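Residues per chain, in single letters:
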Amino acid sequence: MPITLTPTMRSALAERMRYYHELGIYDFYRREVAASEVPESAVAVTEATASDSTQAGSPEEMSPRKSAAVQAVVEDNIFQVLTPKPEQTVTDPVAALKLIREDLGDCTRCKLHKQGRKQIVFGVGNPNAELMFVGEGPGADEDAQGEPFVGRAGQLLNNMIKAMGIQREQVYIANVVKCRPPGNRTPERDECDTCSPFLMRQIAVIKPKVVVALGAVAAKNLLAINAPMSELRGRFYDFMPAGARSSDPSWQGARLAVTYHPAFLLRDPRQKGEAWKDLQMVMKYLGLKPPQKSE
Ligand code: SF4
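Residues numbered from 1 in each chain as written. Predicted model: local features only at pLDDT ≥ 70, side-chain atom pairs only at ≥ 80, totals over all residues. Heavy atoms only, no water.

Participant: Help me get a handle on the pattern of salt bridges, residues and values and all.
Facilitator: Between side chains of opposite charge, a pair can form as their charged atoms come close. Within this structure, the stated rule accounts for 17 salt bridges. Residue aspartate 268 pairs with arginine 270 through a salt bridge whose shortest N-O separation is 3.0 Å. We classify aspartate 268 as buried; its relative accessible area is 13%. Look at arginine 270 and you get exposed, because its relative accessible area is 71%. (Salt bridge = Lys/Arg side-chain N within 4 Å of Asp/Glu carboxyl O. Buried < 20%, exposed > 50% of the residue type's maximum accessible area, 1.4 Å probe, protein only.)

Written as structure tokens, this is what we have:
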């Protein structure tokens, strides 16, 4: 016979699950519940149920029944609260990205929505991309056009992509925050924390082989590491976006590389050679060759 939690416990559990969702955590595991952890109310119901239909057993015989009952309670309630994210109900990445965009809506989740944004800049490119670039946030041009990396920094990014022997249309490009920070300031921690779960969901849908973090803000948010660029660059990281289903057999996560943001390279072109080294590492991994120079 199913056992239910008290309304207070049910409400507290639902609240906790919503909190985890907001943090971008969707996957949970169940562990066996030790008899000592069984709530008294559940034990009471279990014992009452047992005594209704059977002779009361010894304490040793009762323990498995208690565990099973509590597990049923946990399962029943968690799965009532844990609905899958909308995009997990479809297999087509185009449809999945559309569902994430719809979920984002006319977003007012962080203060950037009221600080002069013209529009949300969701992301652009190939939904099946092997390579994804992640920047910091939209600038004035991006805010005006609704597409990431379309200004001068975008032109440089396009050139970097071409130098890798591919086209912009083959990759996917997005930012940590989807609304322009006023005056192109660095997005603040709470803004990144609020917006980045949507980026994580985009990455989980696209399932790229490589994610390139453009600049320290992107790197720190994706990797949750606070380190200078000099330490972040020059190596691959194993990357699984927060909230992605680690049990997905079709994707074991991406490799993540860090390089300079194109806007920084415009300010300090001497670092272009270093950025090219980072991109060459990615090209080698993806088997990309630079385009042949025309005669
Ligand atoms: S930056 Fe992201 S979380 Fe903040 S308002 Fe824009 S879309 Fe919403």
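On we go from here.
Participant: Account for the confidence of the model for the chain, with residues named and values stated.
Facilitator: Here the chain averages 81 in pLDDT, and 70% of its residues register 70 or above. In this model residues 29–33 is a low-confidence stretch, pLDDT under 50, and it forms seven contacts with partners more than four residues away in sequence or in other chains. Taken as a whole, residues 37–81 scores under 50 in pLDDT and shows 38 contacts with residues more than four places along the chain or in a different chain. (pLDDT = per-residue confidence, 0-100. Contact = heavy atoms within 4.5 Å.)

Participant: Describe in detail the pairing of strand β4 (residues 210–214), supporting the description with residues and values.
Facilitator: Counting buried positions along β4 yields five of five residues, so the element is predominantly enclosed. Alternating positions in β4 separate into two faces, Val210, Val212 and Leu214 on one and Val211 and Ala213 on the other, with burial throughout. In terms of strand pairing, strand β2 (residues 131–135) meets β4 through four bridges, oriented parallel. Its bridge partner lying in β4, methionine 132 is registered against valine 211. (Helix = DSSP H or I, 4+ residues; strand = E, 2+ residues; numbered from the N terminus. Pairing = 2+ DSSP bridges.)

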